[in-house]
Amino acid sequence: MKLGKLETRELIDDSAMNESYKTLRTNLLYTSDLKVISLTSTVANEGKTTTAYYLANSYAELGKKVLLMDCDLRKGSLKKFFTVKTRVSGMSEYVSGQSKDFIYQTDVDGLFVVLSGKKPPNPTELLSNSSFEKMLEALKEEFDLTQSAAAAKNAAAQLDGGL
């Protein structure tokens, strides 16, 4: 299930912004037992992936084991936060049965990622199939938090919460 290590690109060092993500994290920690959450919206370029990335980092800072997934199979953008030197398998390859190795460790302790993978012809169908549901159930056991950016509406039933 796990592959190599991805190097993170330099994070923005903005203390006010970082404090905002820590406040969001703290508020989420006070909710019920969230294991799988998604950040989504109806409008492009609102910062879903950026928020997901910085929020995942803030959870990892607490010593949590966090999996950040790019579930936008049409226009995945999580890879912009990492130095990716070779072609990597991602979510689309896993849920379509083309690969079993799709989780990458990062150079941030406790932070793991799943990139979107190659653009499939049927992204909504892939995220609503049984492979995706079974994967989420397995990930709940392995990670303290599994967080996705731009999950399809169909996948919402398998989530514990959404932002």
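Look up a bit, the structure's there.
Below is a short write-up of the structure.

Thresholds, definitions, all that
Residues numbered from 1 in each chain as written. Predicted model: local features only at pLDDT ≥ 70, side-chain atom pairs only at ≥ 80, totals over all residues. Heavy atoms only, no water. Buried < 20%, exposed > 50% of the residue type's maximum accessible area, 1.4 Å probe, protein only. Helix = DSSP H or I, 4+ residues; strand = E, 2+ residues; numbered from the N terminus. Pairing = 2+ DSSP bridges. Axes fitted to C-alpha atoms, helices over the stretch in contact; angles between N-to-C directions. Parallel < 35°, antiparallel > 145°, perpendicular 65-115°, else oblique. Contact = heavy atoms within 4.5 Å. Nonpolar A, V, L, I, M, F, W, Y, C, P; charged D, E, K, R; others polar. Salt bridge = Lys/Arg side-chain N within 4 Å of Asp/Glu carboxyl O. Phe/Tyr/Trp six-rings, centres within 6.5 Å; stacked < 30°, edge-to-face > 60°. Core = buried A, V, L, I, M, F, W, Y, C linked by side-chain atoms within 4.5 Å.

**A look at the pairing of strand 2 (residues 36–39)**
In regular strands, side chains alternate between the two faces of the sheet. Alternating residues of strand 2 divide into Val-36 and Ser-38 and Ile-37 and Leu-39, and every residue in both groups is buried. Pairing of strand 2 with strand 7 (residues 145–149), which is carried by four bridges, proceeds in the parallel orientation. By the bridge assignment, Val-36 is partnered in strand 7 with Thr-146.

**Quick look at the packing of helix 1 (residues 15–29) against helix 2 (residues 48–61)**
The contact between helix 1 and helix 2 brings their axes to 9 Å, and the two run at 70°. One element, helix 1, and the other, helix 2, form an angle in the roughly perpendicular class. Along its contact with helix 1, which presents Met-17, Asn-18, Tyr-21, Lys-22, Leu-24, Arg-25, Leu-28 and Leu-29, the element helix 2 presents Thr-50, Thr-51, Tyr-54, Leu-55, Ser-58, Tyr-59 and Glu-61. The class makeup of the residues in the contact of helix 1 with helix 2 is eight nonpolar, four polar and three charged.

**Observations regarding the environment of Cys-71**
Here Cys-71 is to be found in the loop between strand 3 (66–70) and strand 4 (82–83). Once the C-alpha coordinates of Cys-71 and Gly-117 are considered, the two residues, 46 residues apart in sequence, prove to be 9.3 Å apart.

**Quick word on the pattern of salt bridges**
Summed over all chains, the structure comprises three salt bridges. The shortest N-O distance in the salt bridge between Lys-22 and Glu-61 comes to 3.7 Å. Separated by 39 residues along the polypeptide, Lys-22 in helix 1 and Glu-61 in helix 2 bring together distant segments of the chain. Lys-22 gets classed as partly exposed once you look at its relative accessible area, which sits at 30%. Using a relative accessible area of 57% as the deciding quantity, one classes Glu-61 as exposed. In this structure, Lys-140 engages Glu-137 in a salt bridge whose closest nitrogen and oxygen atoms are separated by 3.5 Å. Residue Lys-140 and its partner Glu-137 are both found in helix 5 (residues 130–142); the two are separated by three residues, about one turn of the helix. In this structure Glu-137 comes out as partly exposed when scored by relative accessible area, which is 44%.

**Concerning the side chain of Thr-146**
Tracing the backbone shows Thr-146 in strand 7. Looking at Thr-146, the relative accessible area reads 1%, which means it is buried. With near-sequence residues (within four places) excluded, Thr-146 lies in contact with Lys-35, Val-36, Ile-37, Leu-67, Met-69 and Leu-139.

**Notes on the packing of aromatic side chains**
All chains considered together, the criterion is met by seven aromatic pairs. Taken together, a centroid distance of 5.4 Å and an interplanar angle of 10° make the contact between Tyr-21 and Tyr-54 stacked. Taken together, the residues span a long stretch of sequence, with Tyr-21 in helix 1 and Tyr-54 in helix 2 at a distance of 33 residues. What makes Tyr-54 buried here is its relative accessible area of 6%. A centroid spacing of 5.7 Å and a plane angle of 85° characterise the contact between Tyr-53 and Phe-82, whose relative ring orientation is edge-to-face. Taken as a pair, Tyr-53 in helix 2 and Phe-82 in strand 4 lie far apart in primary sequence, 29 residues in all. Residue class for Tyr-53 comes out buried when judged on its relative accessible area of 0%. You can call Phe-82 buried: its relative accessible area is 1%.

**A short note on the nonpolar core**
Judged by nonpolar contacts, the single largest core of 27 residues is most densely connected at Tyr-53, Leu-68, Leu-78, Phe-82, Leu-111 and Val-113. Looking at this core, the elements that each hand over two or more residues are helix 1, strand 2, helix 2, strand 3, strand 6 (111–114) and strand 7. When residues in this core are grouped by element, the largest group, seven residues, is from helix 2. Apart from residues lying up to four places away in sequence, Leu-68 is in contact with Ala-52, Tyr-53, Ala-56, Leu-78, Leu-111, Phe-112, Val-113, Val-114 and Gln-147.

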